[in-house]
Amino acid sequence: MKRILIGSLFLLFAVSMFAQTPDFKAQWERQTRNVGFDGVGVETIIDKWEAAEPGNKDMLLARYRYFIARAKYTEVVPKYQTRFLGAAPTVVLKDENGNDVGFFEETFYDDEPFGQAQKILDKLISNNPLEISYRYEKISALISYEKEYPEMAAVELNKLIDYNASQHPCWLYQGELMSSEDFLDGIQEYCYSFFAIKSETSLEVFKSVSEKMSKLYPQYPVFLSNQGSYWLLKGNSGKALKCYNQVLKIDPKDYSAIKNCILIARRNNDTKLELKYLPMLVEVAESDAERLSAQGRLQALSVK
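What you are looking at is a predicted structure, and each value in this text was computed from that prediction instead of being measured.

Thresholds, definitions, all that
- Along each chain, numbering runs from 1 in the same order as the chain's sequence is written.
- Selection of residues for local features in this predicted model requires a pLDDT of at least 70, selection of side-chain atom pairs for listing and counting requires 80 or more, and totals for whole chains, interfaces and linings are taken over all residues.
- Remark: hydrogens and water are excluded; side-chain values derive from all non-hydrogen atoms of the structure.
- Labels follow the DSSP assignment, with helices taken as runs of H or I lasting at least four residues and strands as runs of E lasting at least two, numbered in each case from the N terminus.
- With C-alpha atoms as the basis for the radius of gyration, the globule rule is written as 2.2 Å multiplied by the number of residues raised to the power 0.38.
- Exposure is judged per residue with a 1.4 Å probe applied to protein chains only, and the accessible area is read against the type maximum: over 50% gives exposed, under 20% gives buried, and values in between give partly exposed.
- Only heavy atoms matter for contacts: two residues are in contact if any of them lie within 4.5 Å across the pair.
- Here a patch means residues that are over 30% exposed by relative accessible area and free of salt bridges, tied together within 9 Å if like-charged and within 5 Å if nonpolar (Val, Leu, Ile, Met, Phe, Trp, Tyr).
- For the area figures, the Shrake-Rupley method with a 1.4 Å probe applies, and any residue is considered shielded solely by the protein chains shown.
- Whenever a carboxyl oxygen of Asp or Glu lies within 4 Å of a side-chain nitrogen of Lys or Arg, that contact is scored as a salt bridge.
- For this count, His and the chain ends are skipped, Lys and Arg are scored as positive, and Asp and Glu as negative.
- All charge positions are set by atom: Lys at NZ, Arg at CZ, Asp at CG, Glu at CD.
- DSSP-based pairing: two strands are paired if at least 2 bridges between them are found.
- Throughout this description, the term nonpolar core refers to a set of buried Ala, Val, Leu, Ile, Met, Phe, Trp, Tyr and Cys residues connected via side-chain atoms within 4.5 Å.
- Here is the rule: rings of Phe, Tyr and Trp (six-membered ring for Trp) pair when centre to centre is within 6.5 Å. Planes less than 30 degrees apart are stacked, more than 60 are edge-to-face, and the remainder are tilted.
- Axis definition: a line fit to C-alpha positions, over the contact stretch in the case of helices; interaxial angles, taken between N-to-C directions, run 0 to 180 degrees.
- Confidence scores labelled pLDDT are given residue by residue by the predictor and lie between 0 and 100.
- Each helix should span, by expectation, one fewer than its residue count multiplied by 1.5 Å.
- Here is the rule for angles: anything less than 35 degrees is roughly parallel, anything more than 145 is roughly antiparallel, 65 through 115 is roughly perpendicular, and the remaining ranges are oblique.
- Handedness of each helix crossing follows the sense of rotation of the near helix against the far helix: counterclockwise by less than a right angle gives left-handed, clockwise gives right-handed.
- Asp, Glu, Lys and Arg are counted as charged, while Ala, Val, Leu, Ile, Met, Phe, Trp, Tyr, Cys and Pro are counted as nonpolar; the rest, among them Gly, fall into the polar class.

K.L.:
So, the overall build of the protein chain: which residues are in play, and what are the values?
P.N.:
Within the protein chain, the secondary structure is distributed over 14 helices and five strands. Computed over C-alpha atoms, the radius of gyration of the protein chain comes to 27 Å, more than 25% over the 19 Å expected from 2.2 N^0.38 for 304 residues, which places it beyond the range of a compact globule. Expressed as lengths along the three principal axes of its C-alpha atoms, the size of the protein chain is roughly 105 × 60 × 35 Å. Burial analysis of the protein chain (304 residues in total) assigns 39% to the buried set. In the protein chain, 54% of the contacts between residues at least 6 apart in sequence involve partners at least 24 apart.

K.L.:
Give a detailed account of a negative patch on the surface, specifying residues and quantitative values.
P.N.:
A surface patch of negative charge is lined by Glu 181, Asp 182, Asp 185 and Glu 189. You can see Glu 181 is positioned in helix 8 (residues 180-197).

K.L.:
Which residues make up the environment of Lys 276, and what are the values?
P.N.:
Among the secondary structure elements, Lys 276 is positioned in helix 13 (residues 271-284). The sequence separation of Lys 276 and Glu 290 amounts to 14 residues, and the corresponding C-alpha distance is 17 Å.

K.L.:
So what about the pairing of strand 3 (residues 100-109)? Which residues, and what values?
P.N.:
Direction of pairing for strand 1 (residues 72-79) relative to strand 3: antiparallel, over a ladder of eight bridges. Directly across from Glu 75, in strand 3, lies its bridge partner Glu 106. Here strand 2 (residues 91-94) runs beside strand 3; their pairing, made up of four bridges, is antiparallel. The residue of strand 3 that forms the bridge with Leu 93 is Val 101. Counting the residues that bridge the hairpin from strand 2 to strand 3 gives five residues, and of these Gly 98 lies at a positive phi of roughly 85 degrees.

K.L.:
Break down the pattern of salt bridges for me, citing the residues and quoting the values.
P.N.:
Applying the stated rule across the entire model yields 16 salt bridges. In this structure, Asp 58 and Lys 25 form a salt bridge, with 3.4 Å as the shortest nitrogen-oxygen distance. Of the two residues, Asp 58 sits in helix 4 (residues 57-71) while Lys 25 sits in helix 2 (residues 24-35), which places them 33 residues apart along the sequence. Looking at Asp 58, the relative accessible area reads 29%, which means it is partly exposed.

K.L.:
Talk me through the nonpolar core; I want residue IDs and the actual numbers.
P.N.:
Leu 157, Leu 160, Phe 183, Ile 187, Phe 194, Val 209 and Met 213 are the most contacted members of the largest nonpolar core, which totals 76 residues. Counting residues per element, this core draws most heavily on helix 4, which supplies nine residues. With residues near it in sequence (within four places) discarded, Val 209 still touches Leu 157, Asn 158, Ile 161, Ile 187 and Cys 191.

K.L.:
How would you summarise the packing of aromatic side chains if you had to cite specific residues and measurements?
P.N.:
Applying the stated criterion across every chain yields a total of 14 aromatic pairs. Centroid distance Trp 171 to Phe 183: 6.3 Å. Interplanar angle 0 degrees. Geometry classified as stacked. On the criterion of sequence distance, the pair formed by Trp 171 in the loop between helix 7 (151-167) and strand 4 (172-173) and Phe 183 in helix 8 is long-range, its members being 12 residues apart. By the burial criterion, Trp 171 is buried, and Phe 183 matches it.

K.L.:
How would you sum up the sheet that holds strand 2? Please name residues and give values.
P.N.:
Read across the sheet, three strands follow the order 1-3-2 without closing on themselves; strand pairing throughout is antiparallel. Lying at the two open borders of the sheet, with one neighbouring strand each, are strand 1 and strand 2. Adjacent strand axes in the sheet meet at a mean angle of 35 degrees, parallel and antiparallel pairs treated alike.

K.L.:
Can you lay out the confidence of the model for the protein chain for me, pointing to particular residues and giving the numbers?
P.N.:
When pLDDT is averaged along the protein chain, the result is 92; 93% of the residues meet or exceed 70. Across the protein chain, the secondary-structure element scoring lowest on mean pLDDT is helix 1 (residues 2-20), at 42, and the one scoring highest is helix 9 (residues 200-216), at 98. Low confidence marks residues 1-19, where pLDDT is under 50. Its contacts with residues over four positions away, or in another chain, come to zero contacts.

K.L.:
Account for helix 6 (residues 132-146), with residues named and values stated.
P.N.:
Taking 1.5 Å as the rise per residue, helix 6 with 15 residues should run 21 Å; its terminal C-alpha atoms sit 21 Å apart, in good agreement. Among the 15 residues of helix 6, 11 are classified as buried, and the element is accordingly described as predominantly covered. Looking at the packing, one finds that the buried side of helix 6 touches helix 4, helix 5 (111-127), helix 7, strand 4 and helix 8. Taken from the residues just after helix 6, Lys 147 is the one with a positive phi, measuring 55 degrees.

K.L.:
Break down the packing of helix 11 (residues 237-250) against helix 12 (residues 255-267) for me, with residues and values.
P.N.:
Two elements in contact, helix 11 and helix 12, have axes whose closest approach is 9 Å; the angle formed by their N-to-C orientations is 150 degrees. Regarding the angle of helix 11 to helix 12, the classification is roughly antiparallel. With respect to the hand of their crossing, helix 11 and helix 12 are arranged in left-handed fashion. Residue-level inspection shows Ser 237, Ala 240, Leu 241, Tyr 244, Asn 245, Val 247 and Leu 248 of helix 11 in contact with helix 12, the latter providing Ala 257, Ile 258, Asn 260, Cys 261 and Ile 264. Tallied by class, residues from the contact of helix 11 with helix 12 come to nine nonpolar, three polar and no charged.

Written out as structure tokens, the structure is:
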């Protein structure tokens, strides 16, 4: 009976201790809802959380968000251009000479807290090598930080591609198993980001990553299509058409490739070339209106 009583007292003590353990994540969530990721009291909660659970990944993410919020600020900046980093201006005004000036909301970062945030991501990646969301966060943060010159972002993206090709890891995204198609789609999202920025540096990264991915995954035509988009933007319709035709060899019903081939034909006033691709558009048109338009155009060109 004494032995049972001692065991019962120990159980009660353990339950009591467990009940008194603070729920730091809940405290952090409440505080950040009220004051933001770097508001009053947030760092104190994170410090206590780290003291109690130094390796907790949620705590590290909270610390990362704290530093990123501290680093980040925005300014409205005038620029003589119609788009900046893929975005339209918030307002367009005239300068003293009557020229249009676009005012863009631009994001900036203080280097010191941004560097601290990157170190935390490095630790999360090291501790959780198969959790791809931390690698994505690092690349995305660098793209936002570097803007027109995403050189460090390109290095990290290439490291991710190389690691995937050499190790064939079973990636997790926020704890859920990813498919190989999900991984490829993720890389394509970054390619799109580089293309949308449209600086010389970002376009070269877009091209080089797309070429690399085409070699590694030749059965996945979107990266060939990317190369066509690069050459089309650069005004080299011959190289662009070659890329799109390679896409169509893999997927004869690729809508974007067909549309771009027709665009090239029209830019070059090449009726014969347009007649080659219009029947394909009739087959893959995304709406009845588009199909009827393509059929009408096909008939009109055929009688000339």
